[in-house]
Amino acid sequence: MNIEDITIKKLATLSKLEFKEDEVQEIKNNLGEILTFMENMKDISFEDTTTPISNSSVLREDIHIQKEFDDAFYENNKNIENNQFKLPTVL
Amino acid sequence: MRTTLEQSLKLSKEELKELNVSIDKKSSSTSFGGYVEQLKKIPLKKLDRLGIPIAIKDNINVSSWEMNCGSKMLDGYISPYNATVINNLKKNGFVPFGVTNMDELAMGSTTDTSIHGRTTNPHNVECVPGGSSGGSASVVASGHAIAALGSDTGGSIRQPAAFCGVVGFKPSYGHVSRYGLSAYSSSLDQIGPITQNVTDAAILYDAIKGYDDLDSTSCNIEFKSTYKNLNKTEKYTIGIVKEYVEQCEPDLKEDIYKSIEKLKSDGHTIKEIELFDTKIAISSYYIMATAEASSNLARLDGVRYGYRYDNPKDLEEMYVKSRSVGFGKEVKRRIMLGTFVLSSGYYDAYYKKSKEIQKYVKSKFKETFNSCDLILMPVAPTTAFKFDTELSPLEMYLNDIFTISINIAGLPGMSIPIGKDSNGLPTALQFISKEQDEQKIFNCGLNLEELVNYQSDIINEGDI
C-alpha cells in the first residue's frame, strides 16, 4: 500500500510526533510494507460478530478518596507549583 | 546444583540471607546484562525485607524504585506505588530483587531496543535472548535469578523463555492483575512467571494470580492452587498443528516431533488438527495492539513525569519534542500504525476487521478444544537468532506467528525447553489450553519436562 507524505504528516500530528525528512521516507516504507501485508485480511469476511472477549468491565461505586501526594509523586516532577503542573504557554 | 523456587521455600532465614547475598555477588560480575542495574553498573534494587528473591521486569511498578520500561520517555520515573503482583508476592514470602531489562515499552522481540543497552542470550552472547522480557529470561537462564516476572502481550514471556531455555507462562487473560503494569495493549497484556522449571512456574503463578478490585478486567472466579494440584500422570488429548511445525527450522522441527513421539509413547493421545492462517492473526494482532498502544502511550507527554524536552517554545512543542526524542524508532512506528488504523476512513477496513478476526480466532480455538485438552505448537519458527540479523519491521513481526493468536484469544500458554539445536541454542514448544484450564498445561508440562530431561549447561561463577 502506498502511503503519501501528507498522510504521514497527518498521522504525526495526531500522534504528537515529528520526523526528519529522511525518517519520513523510512516510516513511509515501513508502514507501506506492513499495511500491504495486512491486505490479506480484506477479502476474508466473517459472520457478524459480537464482542470477542467474555470479560466485561465491572463498574464499581464511585467513591471519592482524598489522597495526599507522597514524596515519590513529587520526585517525579519538579515543575509543580500550588499543586499544579507548570507547563509552557499554550499560545 | 542450582536452587529452585520450590527448594527455596524450605530455606531457613539464614540460608535465605545467604542466597540473597549470593545472587547479589553473582550478578555484579555478569556480562549478559539481564538486569538494568548491571547495564547501569549499580547495585541490584532490593527491599529492606527478607524473602525469596524474584527479579522484576522494568515495566512493573515497585514503590520507590525507578521504572523506565526501557525507555528514555520514562527516564527518572520513580514508582509511587506497588503493582498488585508485587503486593501479592510479598504476601507469599517473595520479594522483588533486581529490575530486568526489556524492549522499550514492551515492543520488540530482541531486548535490543532498551535505552539501557542490550541483553544477551546466556547460551550465546552473539544471539538475542528474545523479547520483550529478554532480561527476565536471561537472568533465570544464566543463574542470576531463581525466578522472574515478565509480561506477555504477543509472546513476550514465551518467546524469550524459548530462546533462553527456561519455562515461561502466560496466564489466561484476567487471571493476574494488570494494576501497576505499564500498559502496552490493555486487552492483551498479562504478567506471568519465567522460571527454571514447570513446578516453579506453578508456585510463582499461584503467588501472583487472583481477583483484583483495582483491575476491572480481573476475573472474579475461584482460584485453586496450581502447585498443590500438579499431576504429571494425567493423560490428555493433544492437538498438533502439523502445518505450523513444518514452518520451523530443521533442528527445532526435529525436536518438536521427538517430543510429540515421547508424549505419545507415554500414553497421551496425539491428534492432528487445523487452526487458521497465521498471517491473518498477525495482521489482527498488530492492528489491535498498536491501536491500543497509540492510545495508552498518549499519557507519556512530558507533563507529569518522565522526560520533558528542555525549553520548548510552547506546549505543543513540548509534547512533540518530548515524545519524538523520548521514544525510540520501533515505538514511534507502532504509534503511527495504531493511529492510522483508528483514523477516519480506515477504522472499518482495519480496526473493525481485526476485531472480527479476533472473534474468528477465538471461535476456532473454542471449537478445537471440544475435541482436544491441549494444543501443542512451536513458540517461534527459529531458535535465537544473531543480533544485527537484517530483518525489516514486518519480518520481525512475522517471528510472532505462533504466539500472538493465544493473546488475541485470551488463552493461557506455556513455553517449555525440549532440547538444543546444532549450535547449542535451546529449542522449545508451547502448550495451550482453553481459558481458565491452565492446570492441564502445568500437568502435561511437568510430564514433558521429565520425558525430555532438558539440561541447561550454563553453570558459571558458582551456583545460586
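One structure accompanies this document, and this report is about it. Keep in mind that what you see is a predicted model, and the values were worked out from it rather than measured.

1. Some words on the sheet that holds strand β6 (residues 237–240) of chain B
Either a parallel or an antiparallel arrangement is found when strands of a sheet pair, and the pairing is made through backbone hydrogen bonds. Residue and element names in this part refer to chain B. Spatially, ten strands are ordered β2-β1-β3-β5-β4-β9-β10-β8-β6-β7 in an open sheet, and the strand pairing comes out mixed. Single-partner strands in this sheet number two, and they are β2 (94–100) and β7 (269–272). If you compare each strand with its neighbour and ignore which way they point, the axes differ by 30 degrees on average. Pairing between β6 and β7: four bridges, direction parallel. Note that in β7 the partner of Ile-238 across the bridge is Ile-270. Across the sheet, helix α9 (residues 250–265) touches β6, β7, β8 (374–378), β9 (413–420) and β10 (426–432), and the angle it forms with β10 is around 50 degrees.

2. Topic: a negative patch on the surface
On the surface, a cluster of negative charge is made up of B:Glu243, B:Glu272, B:Glu274 and B:Asp277. Locating B:Glu243 in the fold gives a position in helix α8 (residues 242–245).

3. Observations concerning the packing of aromatic side chains
All names here are of chain B. Under the counting rule described, the total for this entry stands at 15 aromatic pairs over all chains. Their ring planes at 85 degrees and their centres at 5.8 Å tell us that Phe-163 and Phe-385 sit as a pair that is edge-to-face. Note that Phe-163 is positioned in helix α6 (residues 158–164) and Phe-385 in the loop between β8 and α14 (393–397), a separation of 222 residues in sequence. Phe-385 sits in the buried class, given a relative accessible area of 13%. By way of ring pairs, the aromatic residues Phe-169, Tyr-205 and Phe-442 are connected into one cluster. Between Arg-118 and the ring centre of Phe-387, over which it is positioned, the NZ or CZ distance is 3.9 Å.

4. Some remarks on the side chain of B:Ser156
Locating B:Ser156 in the fold gives a position in the loop between β3 (147–152) and α6. Setting aside residues no more than four positions away along its own chain, B:Ser156 makes contact with B:Lys57, B:Ala106, B:Gly108, B:Gly131, B:Ser132, B:Ser133 and B:Ser151.

5. Observations concerning the interface of chain B and chain A
The interface is formed by 62 residues belonging to chain B together with 52 residues belonging to chain A. Carbon and sulfur atoms supply 66% of the area that chain B and chain A bury against each other, a total of about 5,100 Å² over both sides. Three residues stand out in chain B for area buried against chain A, namely B:Met336, B:Tyr350 and B:Leu394, and they jointly supply 13% of the buried area on that side. The tally of links from chain B across to chain A stands at three salt bridges. Residue A:Glu18 pairs with B:Lys321 through a salt bridge whose shortest N-O separation is 2.9 Å.

6. Re helix α2 (residues 21–37) of chain A
Compared with an ideal rise of 1.5 Å per residue, which puts 17 residues at 24 Å, α2(A) spans 25 Å between its outermost C-alpha atoms and is within 8% of the ideal. Residues of α2(A) that are buried include every one of A:Val24, A:Ile27, A:Lys28, A:Asn30, A:Leu31, A:Gly32, A:Ile34, A:Leu35 and A:Phe37, and no others. Considering only its buried residues, α2(A) is in contact with α1 (5–15) of chain A together with α10 (278–296), α12 (329–342), α13 (348–368) and α14 of chain B.

7. Some words on the pattern of salt bridges
It is possible for side chains bearing opposite charge to pair when their charged atoms get close. All names here are of chain B. This model, assessed by the stated rule, comprises 26 salt bridges over all chains. Across the pair Glu-126 and Lys-386 runs a salt bridge, and its minimum N-O distance is 3.3 Å. Here Glu-126 is found in the loop between β2 and α5 (134–141), whereas its partner Lys-386 is found in the loop between β8 and α14, with 260 residues between them in sequence. The class for Glu-126 is partly exposed, based on a relative accessible area of 47%. Relative accessible area serves as the criterion here: at 45%, Lys-386 is assigned to the partly exposed category. Look at the salt bridges and you will find they share partners, linking Asp-112, Arg-118 and Asp-388 into a network.

So, how was this worked out
Residues numbered from 1 in each chain as written. Chains lettered and ligands numbered in written order. Predicted model: local features only at pLDDT ≥ 70, side-chain atom pairs only at ≥ 80, totals over all residues. Heavy atoms only, no water. Pairing = 2+ DSSP bridges. Helix = DSSP H or I, 4+ residues; strand = E, 2+ residues; numbered from the N terminus. Axes fitted to C-alpha atoms, helices over the stretch in contact; angles between N-to-C directions. Contact = heavy atoms within 4.5 Å. Patch = residues over 30% accessible without salt bridge, like charges linked within 9 Å, V, L, I, M, F, W, Y side chains within 5 Å. Areas by Shrake-Rupley, 256 points an atom, 1.4 Å probe, with all protein chains shown as cover. Salt bridge = Lys/Arg side-chain N within 4 Å of Asp/Glu carboxyl O. Lys, Arg positive; Asp, Glu negative; His and termini not counted. Charge placed at Lys NZ, Arg CZ, Asp CG, Glu CD. Phe/Tyr/Trp six-rings, centres within 6.5 Å; stacked < 30°, edge-to-face > 60°. Buried < 20%, exposed > 50% of the residue type's maximum accessible area, 1.4 Å probe, protein only. Lys NZ or Arg CZ within 6 Å of the ring centre and 35° of its normal. Buried area = accessible area lost by both parts, 1.4 Å probe. Expected span 1.5 Å × (residues − 1).

Everything listed here is a matter of geometry and, on its own, says nothing about what the molecule does.
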